[in-house]
There are 2 protein chains.
Amino acid sequence: MSDGAGSPVAAGRGRRPARARGDDRELQILATAERLLEERPLGAISVDDLARGAGISRPTFYFYFTSKDAVLLTLLDRVVAEADATMSAVFDGGASTGPREGWQRALAAYHETFRRHRALTVAWAEARSTSAEVRALWAEVFERWVQRCATAIEAERARGAAPSGPPARDLAIALTSMNERVIYASLSGDGPAIAADDVVPVLLRVWLTAVYGTPPD
Amino acid sequence: MSDGAGSPVAAGRGRRPARARGDDRELQILATAERLLEERPLGAISVDDLARGAGISRPTFYFYFTSKDAVLLTLLDRVVAEADATMSAVFDGGASTGPREGWQRALAAYHETFRRHRALTVAWAEARSTSAEVRALWAEVFERWVQRCATAIEAERARGAAPSGPPARDLAIALTSMNERVIYASLSGDGPAIAADDVVPVLLRVWLTAVYGTPPD
DNA sequence: GAACGAGTCAACAGGGTGTCGAGTTACGGC
DNA sequence: GCCGTAACTCGACACCCTGTTGACTCGTTC
């Protein structure tokens, strides 16, 4: 809650301010978490598991992180940074190609980012139900994506390339929700899912028809 | 796991076979769960809370249900039955109206069913990450809906009303995923969401354009 | 070489789950 | 009217997990 403005590199999210040689331990904890998440869900990983994996006792773990969730949040910072960077590259850089290619690249980049961090993405979605902070982080990322897309949709409408329809923001929320859920299902493996290679084509098709009425080609 | 074929009314999902006057208690437990779910998430409700609410001790709770999840699953049986019934009514009964009205009614019914059981729906989604049985139940319902929709899409394609495109099943999965996530977000209230009254119109628009290329009107 | 702060952990407090075994009650048969 | 049986009940236990406390070690610094 008290995010003072004085911290050097922003000792964020329940991570205590970094100490001299404690950096090692911190990294070991993070590495352990990432490794264990490949094997089993976050709920099946205890603080003790993380501590042992880093070669320390459980109380010592609390010297570095305030909770298991704080570890996940720290790990997620990387994914979020990467997602945001890719998003900017796609949206800001690509005005040269046609609209179809623009959306295609945006969707592919989005999918690729989360696919590359499969275990973390799945853990992220799972932890949303138990941690308000995780939920908030998700909402933040979601909101940024929605805003980018809504703006792009409005731009297409303004230049007459897309017909009017539901509020651009509502459309963006619906389509982004679809992305999120479809990608999660394809990564987590439980329940009916679209095969990994078909995810982007199918999503793209729905996006294009929803935005342009009929797919431009 | 051992679902013997001999039980009279199918003593399902961790619910022990019903006894003479224990039926009362069972109902009291279920009622308590439903009431508490209106106030707080499943994770914040203990077995003790359920037991006290039903006027029994914690060990006695285990006489009636094998776990907290079993209670949720029993509660969800109602919702699932209702969802399935509505689904059948919409898909089997409504060949008289136009395609637009057909999809509209299906979406509205789907939305209405889950909106009417807001707390249970939210709990259902939350418990998916912690209980394999809950996950399986969700996958079942999802799969039935996907199959209905895929069949309907194929029918529209066969009669020339809808253009070809991605496999009908993939399209149905993507669109159903959107429904699920959008409705959950609008019910749970965390993160960006579409206003309750706008959910069906927006979803409908995306469905129609995705299936028909351009909305028929 | 005293003082300090980083780093460490045994022991504790507290809350949750699920089980076991010893009750208590209700009721049908003898 | 008493007895056995099965439904029903719960105190006490074993266990697992979280997060905190207080004392201890060690390197650095003056």
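Residues numbered from 1 in each chain as written. Chains lettered and ligands numbered in written order. Predicted model: local features only at pLDDT ≥ 70, side-chain atom pairs only at ≥ 80, totals over all residues. Heavy atoms only, no water.

Looking at an unreviewed UniProt entry, one finds chain A named Transcriptional regulator, TetR family and attributed to Blastococcus aggregatus.

Contacts between chain B and chain A engage 36 residues on the former and 36 residues on the latter. Summed over both sides, the interface between chain B and chain A buries roughly 2800 Å², with carbon and sulfur atoms accounting for 68% of that surface. In terms of surface lost to chain A, no three residues of chain B exceed Arg181, Pro192 and Arg205 of chain B, which account for 22% of the buried area on that side. Counting every contact that joins chain B to chain A gives 4 salt bridges. In this structure, the salt-bridge partner of Arg135 of chain A is Asp190 of chain B, at a minimum N-O distance of 3.6 Å. Where chain B meets chain A, there are 5 residue pairs in polar contact (both at pLDDT 80 or more). Among the elements of the structure, α7 (132–158), α8 (168–188) and α9 (196–212) of chain B are those that each provide at least two residues to the side of chain B that touches chain A. Sort the elements by how many residues they give to the side of chain B that touches chain A and α8 of chain B lands first, with 11 residues. (Contact = heavy atoms within 4.5 Å. Buried area = accessible area lost by both parts, 1.4 Å probe. Salt bridge = Lys/Arg side-chain N within 4 Å of Asp/Glu carboxyl O. Polar contact = N/O pair within 3.5 Å; in protein donor to acceptor, adjacent residues only side chain to side chain. Helix = DSSP H or I, 4+ residues; strand = E, 2+ residues; numbered from the N terminus.)

Cross-referencing UniProt, the feature "DNA-binding region" (unreviewed entry) maps to residues 46–65 of chain A in the present numbering. For the annotated span residues 46–65 of chain A, helix accounts for 70% and strand for 0% of the residues, and the straight-line distance between the end C-alpha atoms is 13 Å. (UniProt positions renumbered as here; feature names shortened; annotations may be inferred.)

Moving on: the relation of the copies chain B and chain A. Mapping chain B onto chain A calls for a screw motion: a turn of 180 degrees about the axis and a shift of 0.0 Å along it, with 0.0 Å RMSD after fitting. Both copies are brought into coincidence by an operation consistent with a two-fold rotation axis. In terms of proximity to the rotation axis, the leading residue of chain B is Met178 of chain B, whose C-alpha is 2.0 Å off the axis. A share of 100% of the interface residues of chain B reappears at the interface of chain A, consistent with the copies meeting face to face through the same patch. (Least-squares fit on C-alpha atoms with pLDDT ≥ 70 in both.)

All right, on to the UniProt feature "domain: HTH tetR-type" (unreviewed entry) in chain A then. Mapped onto this structure's residue numbering, the UniProt feature "domain: HTH tetR-type" (unreviewed entry) falls at residues 23–83 of chain A. Secondary structure over residues 23–83 of chain A splits into 77% helix and 0% strand, and the C-alpha atoms at its two ends are 25 Å apart.

Turning to the packing of helix α5 (residues 99–116) of chain B against helix α6 (residues 118–127) of chain B, a few remarks are in order. Packed helices, taken two at a time, are described by their axes: the angle between them and the distance between them. All names here are of chain B. Closest axis-to-axis distance for the α5/α6 pair is 5 Å, and the angle between their directions is 95 degrees. As the angle between them shows, α5 and α6 are arranged roughly perpendicular. Across the interface between the two elements, Phe114, Arg115 and Arg116 of α5 pack against Arg118, Thr121 and Trp124 of α6. Its residues assigned to classes, the contact of α5 with α6 comprises 2 nonpolar, 1 polar and 3 charged. (Axes fitted to C-alpha atoms, helices over the stretch in contact; angles between N-to-C directions. Parallel < 35°, antiparallel > 145°, perpendicular 65-115°, else oblique. Nonpolar A, V, L, I, M, F, W, Y, C, P; charged D, E, K, R; others polar.)

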